[in-house]
Structures are given as C-alpha cells and as structure tokens.
Amino acid sequence: MQMQISECSIKGPIQKSCESNCTKTWTAYENCSGRVEKLVDDEKANCLGQFLEHIQCIDKCVAPKLFAQLK
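Remember, it's a predicted structure, so these values are computed and weren't measured experimentally. (Residues numbered from 1 in each chain as written. Predicted model: local features only at pLDDT ≥ 70, side-chain atom pairs only at ≥ 80, totals over all residues. Heavy atoms only, no water.)

## Examining the packing of aromatic side chains
Here's step 1: Following the criterion strictly, the structure yields 2 aromatic pairs and no others.
Here's step 2: A ring pair is formed by W26 and Y29, whose centres lie 5.2 Å apart and whose planes are at 40°; its orientation type is tilted. Of this pair, W26 and Y29 both sit in helix α2 (residues 23–38), 3 residues apart, roughly one helical turn.
Here's step 3: For Y29, a relative accessible area of 23% puts it in the partly exposed group.
Here's step 4: Within the aromatic cluster, the residues linked to one another by ring pairs are W26, Y29 and F51. (Phe/Tyr/Trp six-rings, centres within 6.5 Å; stacked < 30°, edge-to-face > 60°. Helix = DSSP H or I, 4+ residues; strand = E, 2+ residues; numbered from the N terminus. Buried < 20%, exposed > 50% of the residue type's maximum accessible area, 1.4 Å probe, protein only.)

Next up, the structure:
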C-alpha cells in the first residue's frame, strides 16, 4: 500500500522557505500594524492591504514549487 502525500504536508515547508523572500511585505505589514494600534479612535483603520500583499508574495513563491512536486 503506497502512502499518499497531502498538499498540506508539502506546502508547509515550502511556505516557510518562501517567507525569507517576502520580508519587505512583512515589514510593511508590521509597520502598518504599529500605526493602527495607535489609532484607537479610528475603527476603520486596518492593514488588510499590506497583509494581502504579504500573502500574495508568499503564494507567488510557493505556487511553482508546490505544483512541480504535485505533478
């Protein structure tokens, strides 16, 4: 019986290795988060855009490596 490898067991390590490629976007998110924490009166302030840019950066790095292993 051959053991099946799930996408998640492959994606995790690849995703970790890609984090180093996306330090600019993570720093931008952390900087924004620090600013938003100081804006206690502004309920609409958030860092969703910066967070999504960071996730997109990681996904762009992960996708080709992940699909190469899933073929």
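## Remarks on the state of the cysteines
Here's step 1: This structure, assessed with the given rule, holds 3 disulfides.
Here's step 2: A sulfur-sulfur separation of 2.1 Å characterises the disulfide bridge that pairs C32 with C47. The S-S bond linking C32 to C47 shows a torsion near -95°; that makes this disulfide left-handed. With C32 in helix α2 and C47 in the loop between α2 and α3 (48–70), this residue pair connects regions lying 15 residues apart in the sequence.
Here's step 3: Given the relative accessible area of 9%, C47 is considered buried.
Here's step 4: By sequence order of its bonded cysteines, the protein has the disulfide arrangement 1-6, 2-5, 3-4. (Disulfide = S-S within 2.5 Å.)

## What about the side chain of T25?
Here's step 1: Turning to its location among the elements, T25 is positioned in helix α2.
Here's step 2: Exposure remark for T25: the relative accessible area of 19% places this residue in the buried category.
Here's step 3: Within the structure, T25 has its side chain in polar contact with the side chain of H54 (distance 2.9 Å).
Here's step 4: When near neighbours in sequence (up to four residues on either side) are disregarded, T25 contacts Q50, E53, H54 and C57. (Polar contact = N/O pair within 3.5 Å; in protein donor to acceptor, adjacent residues only side chain to side chain. Contact = heavy atoms within 4.5 Å.)

## Describing the nonpolar core
Here's step 1: Among the nonpolar cores identified, the biggest contains 8 residues, and these are I10, I14, C18, C22, I58, C61, V62 and L66.
Here's step 2: Those elements that place two or more of their residues in this core are α1 (7–18) and α3.
Here's step 3: For this core, the element with the highest residue contribution is α3, accounting for 4 residues.
Here's step 4: Leave out the neighbours within four places in its chain, and V62 touches K11, I14, Q15 and C18. (Core = buried A, V, L, I, M, F, W, Y, C linked by side-chain atoms within 4.5 Å.)

Limitation: the analysis is restricted to geometry and does not speak to function.
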